[in-house]
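Tertiary structure, described
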Amino acid sequence: MTAAVESVRTLSLREVGPAERGTRPEEVVIALSPAFGDPFTKTIVDVPHAEVIRQLLAGIEEQGGVARTIKVYRTADLAAIAHYGAKLSGSGIAVGILARGTTVLHQRDLARLSNLELFPQAPLLDAEVFRMIGSNAAQYAQGRSPRPVPTRNDQMARPRWQAKAALLHLKEFECIDHARSAVEVEPVISRVD
């Protein structure tokens, strides 16, 4: 009897060119932090970045949206990443995401520290939640008012994950490159058996 071999999805981000302003009204920009995909490959609770992107894309596509992905190198501030993505989005809507999984939905005409929906407890975000985030982003892009993504709340998540989150935060900031402009990337998800 042989054991079943589980295939794993990997993510690579193929650089397309400079991140520029989109024109498609149904477009949602997924704005990635400097460490997303490389050097980090999974969130704080080991959700592979390939799965995060796959679910965001699926949620956007299921609602009739079109996704474009950029990688921001000059900051690891989630609000700044998401707001920058929203400014480049044809619809004015962006999903900003840090390598550890913390995520926000942003809109171009909001102040940087305002947002449509914030998901600060990365340890509670799984594939299903990322798909719902993508779905809501596409609905906002279409001018609809979706129900906010239901979020779990775990009072022990912060003390349980705080040390690891602090280390990941420091590593993320080490990946900032002030000299490098944001780029559009094509997410390439591959299966490895």
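Here is what the cut-offs are and how they apply
Residues numbered from 1 in each chain as written. Predicted model: local features only at pLDDT ≥ 70, side-chain atom pairs only at ≥ 80, totals over all residues. Heavy atoms only, no water. Helix = DSSP H or I, 4+ residues; strand = E, 2+ residues; numbered from the N terminus. Rg over C-alpha atoms; globule rule 2.2 N^0.38 Å. Buried < 20%, exposed > 50% of the residue type's maximum accessible area, 1.4 Å probe, protein only. Contact = heavy atoms within 4.5 Å. Areas by Shrake-Rupley, 256 points an atom, 1.4 Å probe, with all protein chains shown as cover. Expected span 1.5 Å × (residues − 1).

Structural notes on the overall build of the protein
Counting its regular elements, the protein contains four helices and seven strands. Order of helices (α) and strands (β) in the protein, N terminus to C terminus: β-β-α-β-α-β-β-β-α-α-β. Taking 193 residues into account, the globule formula puts the C-alpha radius of gyration at 16 Å, and the protein, at 16 Å, falls close to it. Dimensions of the protein, computed from C-alpha atoms along their principal axes, come out at roughly 55 × 35 × 35 Å. A total of 193 residues make up the protein; the buried ones form 47% of that total. By sequence separation, contacts in the protein at least 24 residues apart represent 74% of the contacts at least 6 residues apart. Here the protein displays about 9,900 Å² of accessible surface, and carbon together with sulfur accounts for 52% of that area.

Quick look at unusual backbone geometry
Between Asp 38 and Pro 39 the backbone carries a cis peptide bond, its omega angle lying at 15°. Phi at Asp 46 is positive, roughly 70°, even though this residue is not glycine. Turning to its location among the elements, Asp 46 is positioned in the loop between β2 (27-32) and α1 (49-62).

Side note on helix α3 (residues 127-141)
Because each turn of an α-helix spans 3.6 residues, side chains separated by three or four positions in sequence point in the same direction. Here α3 is 15 residues long and its end C-alpha atoms lie 21 Å apart, about the 21 Å a rise of 1.5 Å per residue gives. Taken across its 15 residues, α3 has eleven buried, putting it largely inside the fold. Looking at α3, one finds that the buried residues are Val 129, Phe 130, Ile 133, Gly 134, Ser 135, Asn 136, Ala 137, Ala 138, Gln 139, Tyr 140 and Ala 141. For α3, the elements touching its buried residues are β2, α1, β4 (93-97), β5 (103-107) and β6 (117-119). Directly after α3, the chain includes Gly 143, whose backbone phi takes a positive value near 80°.

Some thoughts on the environment of Leu 125
Mapped onto the fold, Leu 125 is located in the loop between β6 and α3. Residue class for Leu 125 comes out buried when judged on its relative accessible area of 6%. Distance from Leu 125 to Thr 151, taken between C-alpha atoms, is 8.3 Å for residues 26 residues apart in sequence.

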